[in-house]
Amino acid sequence: MRLLERNDAGGIRLTKDLPSDKIPPYAILSHTWGSDEEEVSYKDLEDDRAVSKLGYNKILFCADQAGRDGLKFFWVDTCCIDKSNSTELQEAINSMFRWYRDAAKCYVYLMDVSIPTPDVDNKSIWEPAFRASRWFTRGWTLQELIAPITVDFFSMEQTRLGDRNSLLQIIQEITGIPLEALRGGLLSYFSVHDRMAWIKNRSTTREEDIAYSLFGIFNVQLPLLYGEGKEKALERLREKIEKDDDCLADLHITDSRHDKKRIEAAKDGLLKDSYCWVLSNGQFQQWHNGDDQRLHWIKGDPGKGKTILLCGIIDELEKSTPTGLLSFFFCRATDSRINNATAVLRGLIYLLVNQQPALISHVRRLYDHAGKKTFEDPNIWVVLCEIFTSILQDSDLRMTYLIIDALDECVTDLPQLLELIIQTLCTSSPIKWIVSSRNWPDIEKQLETATQKARLSLELNAESISTAVNAFIQNKVNQLVPKTKYDASMIGTIKDYLHSHENGTFLWVALVCQALADPKVEKRHILAKLQTFPRGLDSLYARMLEQIVHSEDAELCKQILAVAAAVRRPISLDELASLIEIPDGFSDDPESLEKIVKLCGSFLIIRERTVYFVHQSAKDFLLGKASDKASNKASQEAFKLIFPAGIEDVSYIIFWRSLNIMSEKLRRDMYCLNAPGFLIDNIRAPDPDPLATVRYSCIYWIDHLRDLVSSTSSKWVHLLQDDGDVFKFLTTKYLYWLEALSLLRALSEGIHAIRHLESLLGHTNRGRLTAIVRDAHRFALSYGMIIKKAPLQAYTSALVFAPTNSMIKKIFKEEPDWISTIPVVEAEWSACTQTLEGHGEWVCSVTFSPDGQLVASGSGDKTIKIWDAASGTCTHTLEGHGSPVSSVAFSSDGQLVASGSGDNTIKIWDVASGTCTHTLEEGHDDWVSSVAFSPDGQRVASGSGDNTIKIWDAASGTCTHTINVSSTAYHISFDHANAYINTDIGRIQIATATMESPNQPSNPVCCSYSLGQDRRWITCNNQNVLWLPPEYHVTASAMQGRKMVLGCSLGRVVLFSFSRDI
């Protein structure tokens, strides 16, 4: 980036080109351009011609205003970019949004807004001109309005009118841009459609710039191709947005920004007094301000407030380093999505790319080869490490803070995550780490090998923690007052008890206050109640469990706690109801379900109708894994109470109930979509959601089955017998399960699960169940992509194109009845896609005979094939052309076929015998792009890459007319009177060889079925109904009535007949 500054004589000079990490604070100018003669260019400054230009006044204004704001450097687009250097221009346009965003000040200079008097406060003087300003109509000024931290508006007299905040309502009314976006909200929260609408009424001098000016709004980078036109530029932009969005969506495992909000809400908000002490801590300041410590480890026992500290640190870093990157992740052992090293790395990369979009190139480099499978590969850790390392080595990476909370809750591959963190410290990347964990020796041992590290032990900062906990107590007690109506004396007693027993543990205080807030606790019993709360978390947990065991609903509570501890993620109330046995007297309505969970004391909490453990240490206690060795006996006894027959029995109950509820609930078209092409992006779950009770079961039933069969016990082997419950489910509900997974946006997880089931069976080699699972896995792999996008394609495209002997295809006889003729497909699944009888290369052209009985196809393999439309069999292969056959056409009686080729010739073939009757080769100088017979069959017309159209006598093969045209005609036909030729470039009168209506192609014949514009779908009445798999990539197509023929890139020729509309 090149900046401007004043020289010693008061003039303006350019700095050298500055690297991104050496750019000083600067101001930036936003304005509307005048003519090239007015504006100061880079070359004008270099050649000392700037002062003589009218635009120099704007530059002086920016310099003066920057000086008044204490800024030495400033930037103006007209002269800081050498536009004669295409590489520099390209880099500048792709960086423009970031440059405006990173500016300390942005000044908008409005040449068409004048204030003749100094009375700025009287808006009536200047507001009409402000609303009508040309600045609000230009394309480039959109990002200049949105990107900067602050935007100040000035009149032509250089009088400040106000800033973006003070003029917010007026600007919103002028532009229609939502207030949230104008206030600096994340643009990714606004849809592509919404953001595109912001530029609808704006214009640019060069038409392509309407698209290029949106690069920053959509966080994309693209090469500039001036001359491509506005529509092509917008098409490239949309394609880039779609691919980047797909990449980010597939990378996404969680958005830690949302996790942070959820965590803070669960703690009744973030209390600054509970974390502010760490900001003045010497070790933290040394890490933050110095360069010699790049890893800061915060460690402490459960409940000491580590997560609170990290949430506060994140907030402070966001304020203090607005131009830096901040990526963070909250590990949670109770949630299988976010309790492993792979998830941590995906989450960190996701936030980095969100904040610095250019970094997505490092992800796309691998993603573009394999798509979503990039993040499903068994080597995903290696792949993610390569991406992450590549990002950290990016020369444009800004100062980056990486934060991981609760390393101890990373239950899978923690050692390799720690090793990666340590390795990054040995690089020169501008990064700093903060991690937190319990006082685990294994973590300490591995982090001990790191250089440039600092640690902050919460136990060694007892005084600071105590002060923070005291503030927390005050806040919690204040919240108690309106709920309990306790008097001052009682409040004082509660505070004294909490202060004397808290032992520096936030969670202990929160649990006690939660118990005291229970409406059932009478005021007269409060002192006795307080005495029941022992010191220490595990002791408190033991007391809580004792109360549950002696309650009237002990068995139900133990059942709920067991399921909550055994599931792989927090479950909703609806899901919980399907996994436990609800006793008589309880209903399954939301209010009753909440009451059931609340019977479990303070172990569980409910947030947004989802059941969570109050803390990981509470779950550990019930699982016999108490953190305090002194409490280990009580923890082991708790495990025996909750899991009297062992945790395997609970896994079996979850598995069995899951299979039952899915068998009961799953059916075809769960959301009553009706349309087979209904896309998942347009689907909203109905209320009530028929899948609400089976969400967890659909995704995790196989995992619980694996827990049982993979164990050392042979007790559960019977579950995998032929004709057992698993076999019955797959043979009756498999397609419904795939549909449900798609509706739940969890099809990838389902495919992983069925693969794991196949692996489990592979070792036992069981008969029919093994066969059905293998077939089901292959079915899901082959058609998962489209079922994920359009759930009901499980019953259409997947069944139509699956091999004939697919077990799933045979079992689910639900092929669409509106297709009377379906394509011939393979008999068996194969390791690689085979080509049916057909061409050896791509199909360039297909056409029906007039009676619809035959099909002709021309191919890149230089042949023409004639097909029987009823049976799909090939009757003749016509050979003779020396290059690909680009166009074929039948005569009106169906007895002849004309073919045009890249060898510059046209051939006439007898259909019955398959012999060539004429070769028309003394004509075109380039490839033949199109051919057509006249209605009477006496003439043939041909279009060519030599920009001519020729008319031939079909009997003699002589050329009778040559018509010069402006471009290649790819589609050609005679009108019924043989007087005109209709083409895609215009209508030509044969007698005069003149084009009567250039660029007005004839209207296509409309029919209910057709090939969609993206050539990936067959449509009916413009609605997607049948998706075409990748091996059926269409390169040519033709329709006749309800018949369709498709030519494909792999040489296939595919025939359909449709019996009715759908």
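What you see is a predicted model, and the numbers here were worked out from it, not measured in a lab. (Residues numbered from 1 in each chain as written. Predicted model: local features only at pLDDT ≥ 70, side-chain atom pairs only at ≥ 80, totals over all residues. Heavy atoms only, no water.)

1. Comments concerning the overall build of the protein
Turning to step 1, where the next piece is worked out: Helices and strands together make up the secondary structure of the protein, namely 36 helices and 38 strands.
Turning to step 2, where the next piece is worked out: With the C-alpha coordinates of the protein rotated into their principal frame, the extents come out at 115 × 90 × 55 Å.
Turning to step 3, where the next piece is worked out: Classification of the 1062 residues of the protein by burial places 54% in the buried group.
Turning to step 4, where the next piece is worked out: With an accessible surface of roughly 46000 Å², the protein has 49% of that area assigned to carbon and sulfur atoms. (Helix = DSSP H or I, 4+ residues; strand = E, 2+ residues; numbered from the N terminus. Buried < 20%, exposed > 50% of the residue type's maximum accessible area, 1.4 Å probe, protein only. Areas by Shrake-Rupley, 256 points an atom, 1.4 Å probe, with all protein chains shown as cover.)

2. What about the pattern of salt bridges?
Turning to step 1, where the next piece is worked out: Within the structure shown, the criterion is met by 47 salt bridges.
Turning to step 2, where the next piece is worked out: Taking the shortest distance from any N to any O, the salt bridge between R364 and D244 comes out at 2.5 Å. In this pair, R364 is assigned in helix 16 (residues 360-370) and D244 in helix 11 (residues 230-251), connecting sequence segments 120 residues apart.
Turning to step 3, where the next piece is worked out: Using a relative accessible area of 12% as the deciding quantity, one classes R364 as buried.
Turning to step 4, where the next piece is worked out: Connected via shared salt-bridge partners are K43, D44, D47, R49 and K53. (Salt bridge = Lys/Arg side-chain N within 4 Å of Asp/Glu carboxyl O.)

3. Quick word on the nonpolar core
Turning to step 1, where the next piece is worked out: If you look at the biggest cluster of nonpolar residues, it comprises 229 residues, and the most contacted ones within it are F603, Y734, W737 and L757.
Turning to step 2, where the next piece is worked out: Tallying contributions element by element places helix 32 (residues 725-743) first for this core, with 12 residues. (Core = buried A, V, L, I, M, F, W, Y, C linked by side-chain atoms within 4.5 Å.)

4. Overview of the UniProt feature "repeat: WD" (unreviewed entry) in the protein
Turning to step 1, where the next piece is worked out: Sites flagged by UniProt as "repeat: WD" (unreviewed entry) map to residues 836-877, 878-919 and 921-962.
Turning to step 2, where the next piece is worked out: Secondary structure within residues 878-919 divides into 0% helix and 55% strand; the distance between the first and last C-alpha atoms comes to 13 Å.
Turning to step 3, where the next piece is worked out: As a span, residues 921-962 carries 0% helix and 52% strand, and end to end its C-alpha atoms are 14 Å apart. (UniProt positions renumbered as here; feature names shortened; annotations may be inferred.)

5. Let's talk about a negative patch on the surface
Turning to step 1, where the next piece is worked out: On the surface, E242, D245, D246 and D681 cluster together into a patch of negative charge.
Turning to step 2, where the next piece is worked out: Relative to the elements of secondary structure, E242 occurs in helix 11.
Turning to step 3, where the next piece is worked out: Looking at E242, the relative accessible area reads 48%, which means it is partly exposed. (Patch = residues over 30% accessible without salt bridge, like charges linked within 9 Å, V, L, I, M, F, W, Y side chains within 5 Å. Lys, Arg positive; Asp, Glu negative; His and termini not counted. Charge placed at Lys NZ, Arg CZ, Asp CG, Glu CD.)

6. Quick look at helix 30 (residues 647-665)
Turning to step 1, where the next piece is worked out: Taking 1.5 Å per residue, 19 residues should reach 27 Å; helix 30 reaches 27 Å between its end C-alpha atoms and fits that length.
Turning to step 2, where the next piece is worked out: Those residues of helix 30 that sit buried are V650, S651, I654, F655, R657, S658, L659, I661 and M662.
Turning to step 3, where the next piece is worked out: Those residues of helix 30 that are buried are in contact with helix 25 (554-566), helix 26 (573-579), helix 31 (695-709) and helix 32. (Expected span 1.5 Å × (residues − 1). Contact = heavy atoms within 4.5 Å.)

7. Examining the sheet that holds strand 34 (residues 1017-1020)
Turning to step 1, where the next piece is worked out: As summarised here, the arrangement of the three strands in space is 33-34-35, forming an open sheet in which the pairing is antiparallel. Two strands bound the open sheet, and with one partner strand each, they are strand 33 (1009-1011) and strand 35 (1023-1027). Shown here is a sheet whose adjacent strand axes are inclined to one another by a mean of 35 degrees, direction ignored. (Pairing = 2+ DSSP bridges. Axes fitted to C-alpha atoms, helices over the stretch in contact; angles between N-to-C directions.)

8. Considerations on helix 20 (residues 462-484)
Turning to step 1, where the next piece is worked out: Look at helix 20: 31 Å from first C-alpha to last across 23 residues, which is about the 33 Å you get at 1.5 Å a residue.
Turning to step 2, where the next piece is worked out: Along helix 20, the residues that are buried comprise I465, A468, V469, A471, F472, I473, K476, V477, L480 and T484.
Turning to step 3, where the next piece is worked out: Buried residues along helix 20 sit against helix 21 (488-501) and helix 22 (506-516).
Turning to step 4, where the next piece is worked out: Directly beyond the C-terminal end of helix 20, a positive phi value near 60 degrees is found at K485.

9. A short note on the side chain of K865
Turning to step 1, where the next piece is worked out: Inspection of the secondary structure puts K865 in strand 19 (residues 863-868).
Turning to step 2, where the next piece is worked out: D861 provides the closest opposite charge to the buried, salt-bridge-free K865, at an N-O distance of 5.9 Å.
Turning to step 3, where the next piece is worked out: Polar contacts involving the side chain of K865 include one to the side chain of T877, which spans 2.7 Å.
Turning to step 4, where the next piece is worked out: Setting aside its immediate chain neighbours within four residues, K865 contacts G838, H839, V855, A856, S857, C874, H876 and T877. (Polar contact = N/O pair within 3.5 Å; in protein donor to acceptor, adjacent residues only side chain to side chain.)

10. Let's talk about the confidence of the model for the protein
Turning to step 1, where the next piece is worked out: Overall, the prediction assigns the protein a mean pLDDT of 87, with 96% of residues at 70 or greater.
Turning to step 2, where the next piece is worked out: Here residues 832-836 is modelled with pLDDT under 50, and outside its nearest four sequence neighbours on either side it reaches 13 contacts, counting other chains as well.
Turning to step 3, where the next piece is worked out: Confidence over residues 1000-1005 falls short of pLDDT 50; this stretch has five contacts with residues more than four positions distant or in other chains. (pLDDT = per-residue confidence, 0-100.)

11. A closer look at the packing of helix 31 against helix 32
Turning to step 1, where the next piece is worked out: Direction vectors running N to C along helix 31 and helix 32 enclose 145 degrees, while the axes themselves pass 10 Å from each other. Contacts between helix 31 and helix 32 pair C698, I699, W701, I702 and L705 from the former with V726, F729, W737, A740 and L741 from the latter.
Turning to step 2, where the next piece is worked out: For the contact of helix 31 with helix 32, the residue count by class is 10 nonpolar, no polar and no charged. (Nonpolar A, V, L, I, M, F, W, Y, C, P; charged D, E, K, R; others polar.)

12. A closer look at the sheet that holds strand 23 (residues 906-910)
Turning to step 1, where the next piece is worked out: Taken in spatial order, the four strands make up an open sheet running 21-22-23-24, and their pairing is antiparallel. Each edge of the open sheet carries a strand with a single partner, namely strand 21 (885-890) and strand 24 (916-920). This sheet shows a mean twist of 20 degrees between the axes of neighbouring strands, independent of strand direction.
Turning to step 2, where the next piece is worked out: Direction of pairing for strand 22 (residues 896-901) relative to strand 23: antiparallel, over a ladder of five bridges. Each residue of the ladder has a partner; that of S899, found in strand 23, is K907.

13. Regarding the packing of aromatic side chains
Turning to step 1, where the next piece is worked out: Tallied over the entire structure, the rule returns 43 aromatic pairs.
Turning to step 2, where the next piece is worked out: Where Y541 meets F621, the ring centres are 5.7 Å apart and the plane angle is 50 degrees; that geometry is what we call tilted. Residue Y541 is found in helix 24 (residues 537-549), and its partner F621 is found in helix 28 (residues 616-622); the two are separated by 80 residues along the sequence.
Turning to step 3, where the next piece is worked out: Y541 sits in the buried class, given a relative accessible area of 0%.
Turning to step 4, where the next piece is worked out: The exposure class of F621 is buried, given its relative accessible area of 1%.
Turning to step 5, where the next piece is worked out: With a centroid separation of 6.0 Å and an interplanar angle of 45 degrees, the aromatic rings of W927 and Y970 are classed as tilted. With W927 in the loop between strand 24 and strand 25 (928-933) and Y970 in the loop between strand 28 (959-964) and strand 29 (972-974), this pair connects stretches of sequence that are 43 residues apart.
Turning to step 6, where the next piece is worked out: By relative accessible area, which is 46% here, Y970 ends up partly exposed.
Turning to step 7, where the next piece is worked out: For R206, the ring lying beneath its charged end belongs to Y226, and the centroid distance is 3.8 Å. (Phe/Tyr/Trp six-rings, centres within 6.5 Å; stacked < 30°, edge-to-face > 60°. Lys NZ or Arg CZ within 6 Å of the ring centre and 35° of its normal.)

14. Considering the packing of helix 20 against helix 22
When two helices pack together, their arrangement is given by the angle between their axes and by how far apart the axes lie.
Turning to step 1, where the next piece is worked out: Their axes nearest at 10 Å, the elements helix 20 and helix 22 cross at an angle of 10 degrees. With respect to their mutual orientation, helix 20 and helix 22 come out roughly parallel. Residues A468, V469, F472, I473, K476, L480 and T484 of helix 20 form the contact with helix 22, whose participating residues are F506, V509, A510, C513 and L516. (Parallel < 35°, antiparallel > 145°, perpendicular 65-115°, else oblique.)

15. Observations concerning unusual backbone geometry
Keep in mind that most residues, glycine aside, have a negative phi and that most peptide bonds are trans.
Turning to step 1, where the next piece is worked out: Residue P688 is reached from D687 by a cis peptide bond, and omega for that bond is 5 degrees.
Turning to step 2, where the next piece is worked out: Take P688: it is sitting in the loop between helix 30 and helix 31.
Turning to step 3, where the next piece is worked out: Residues other than glycine seldom take positive phi values, yet C672 does so here, at roughly 55 degrees.
Turning to step 4, where the next piece is worked out: With respect to the helices and strands, the residue C672 is situated in the loop between helix 30 and helix 31.
Turning to step 5, where the next piece is worked out: Residue D723 is not a glycine yet carries a positive backbone phi of 70 degrees.
Turning to step 6, where the next piece is worked out: Structurally, D723 can be placed in the loop between helix 31 and helix 32.

16. Quick word on the environment of L186
Turning to step 1, where the next piece is worked out: Of note, L186 is situated in the loop between helix 8 (179-182) and helix 9 (192-197).
Turning to step 2, where the next piece is worked out: For L186, a relative accessible area of 36% gives the class partly exposed.
Turning to step 3, where the next piece is worked out: Placed 99 residues apart in sequence, L186 and Q285 show a C-alpha to C-alpha distance of 29 Å.

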